[in-house]
Amino acid sequence: MKLTIYHLYPDLLDLYGDRGNVLALAARCRWRGIEVDIRRASLGDPIDFSAADIVFLGGGSDREQSILVEDLSSRGTDLRDGIEDGLVLLTICGGYQLLGQYYQTGEGKKIPGLGILDLYTVAGNKRLIGNVIIELEPELKKNVLDSYASSVEEESAQKLNTLVGFENHSGKTYLGSNLRPLGKVLRGYGNNGEDDEEGVRYKNVFGTYLHGPFLPKNPHIADLLIRLAWERRENVSTVSLLGDNMEIVAHQAIISRFGSNR
Ligand code: GLN
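Draft legend 1. Examining the site of the ligand more closely. The full set close to the ligand counts 16 residues, and Asp62, Gln65, Cys93, Gly94 and Gly171 are the nearest of them. Residue aspartate 62 places a side-chain N or O atom 2.5 Å away from a nitrogen atom belonging to the ligand. Arginine 127 is positioned such that a nitrogen or oxygen atom in its side chain is 3.2 Å from an oxygen atom of the ligand. Here the ligand has 300 Å² of accessible area as a free molecule, and 98% of this is covered by the chains. Going through the elements one at a time, helix 2 (62-73), helix 4 (94-98) and strand 8 (162-175) are the ones with two or more residues in the shell around the ligand. Ranked by residue count, the leading element in the shell around the ligand is strand 8, at 4 residues. The class makeup of the residues in the shell around the ligand is 3 nonpolar, 11 polar and 2 charged.

What follows is the structure, encoded as structure tokens:
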């Protein structure tokens, strides 16, 4: 029983503790008796996508995105094949932007993306910064609940109808009409501060502007990623409860503290 997590460009894409997402995934697997192999790969390092169960790309500044985009593009075909085959991917902010068609910086420079997802990003003249609260998109909420092994677990998951995190970006991302967001913005800016949408979901690919890190604050999404990876590898479609009382209290505390600005 083993899952392989690839952490791509950990030296370049690791804003606001993004690597905590990899630590959270690994801990939650190990607590369930699932062994984890974490592989870190940066510029020029070999990546075996056929061995990967979960791929993680964190956030970074425009400068770091420019440094690594050529290297990432050279892996584009393998990554795309993996995604079409159900590979689980979590991408944050700068990493999320790179999956799209392009990212246009404040200076008007276009950094080409991988073009795997039908979305594009244009830097605005104001940084979008602060705490974010999202209401989960209904299909995603259903997938979260489907992950849990028993109704007791579902009951505690019912309380987690939201995502919380922290955003800091100038890029405004616009999704093509065939893509669904992760949810609706209750507080903060989300994808672009205009359409009240945050993040993207395509197959088993998740993109979000939420740093923070994202998964320790949103354990239900960590479990969904593990379940999807586990299902693809071993055909097991649920995960067991870990007793997330502290995590749920922490998540709810952020909601009571920051509420809604809508
Ligand atoms: N450079 C991008 C932006 O400012 C991404 C920033 C980030 O990853 N936090 O939009």
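Draft legend 2. Layout of the pairing of strand 2 (residues 35-41). When strand 1 (residues 2-8) meets strand 2, the two strands line up parallel, connected through 7 bridges. Among the inter-strand pairings, leucine 8 is bridged to a residue of strand 2, identified as alanine 41. In this view, the connection linking strand 1 to its parallel neighbour strand 2 by way of helix 1 (residues 20-31) has right-handed handedness.

Draft legend 3. Region of interest: the pattern of salt bridges. Enumeration over the complete set of coordinates arrives at 12 salt bridges. Where aspartate 223 meets arginine 28, a salt bridge forms, and the shortest distance between an N and an O atom there is 2.8 Å. Taken together, the residues span a long stretch of sequence, with aspartate 223 in helix 8 (residues 219-234) and arginine 28 in helix 1 at a distance of 195 residues. You can call arginine 28 buried: its relative accessible area is 5%. Salt bridges sharing partners connect three or more residues here, namely Arg28, Arg32, Asp223 and Asp244.

Draft legend 4. The pairing of strand 1, seen in detail. Summarising burial for strand 1: 6 of the 7 residues are buried, a large majority. Pairing of strand 1 with strand 3 (residues 54-57), which is carried by 4 bridges, proceeds in the parallel orientation. Bridge pairing in strand 3 links isoleucine 5 to isoleucine 54.

Draft legend 5. Inspection of the side chain of histidine 169 at higher detail. Position of histidine 169 among the secondary structure elements: in strand 8. Of the polar contacts made by the side chain of histidine 169, one reaches the side chain of glutamate 167; its length is 2.9 Å. At 3.4 Å, the side chain of histidine 169 and the backbone oxygen of glycine 190 are in polar contact. Not counting residues within four places of it along the chain, the set of residues in contact with histidine 169 comprises Cys93, Lys126, Arg127, Leu128, Gly190, Asn191 and Tyr209.

Thresholds, definitions, all that
- Residues numbered from 1 in each chain as written.
- Predicted model: local features only at pLDDT ≥ 70, side-chain atom pairs only at ≥ 80, totals over all residues.
- Heavy atoms only, no water.
- Near = heavy atom within 4 Å.
- Polar contact = N/O pair within 3.5 Å; in protein donor to acceptor, adjacent residues only side chain to side chain.
- Areas by Shrake-Rupley, 256 points an atom, 1.4 Å probe, with all protein chains shown as cover.
- Helix = DSSP H or I, 4+ residues; strand = E, 2+ residues; numbered from the N terminus.
- Nonpolar A, V, L, I, M, F, W, Y, C, P; charged D, E, K, R; others polar.
- Pairing = 2+ DSSP bridges.
- Right-handed = clockwise from strand over helix to strand, strands pointing away.
- Salt bridge = Lys/Arg side-chain N within 4 Å of Asp/Glu carboxyl O.
- Buried < 20%, exposed > 50% of the residue type's maximum accessible area, 1.4 Å probe, protein only.
- Contact = heavy atoms within 4.5 Å.

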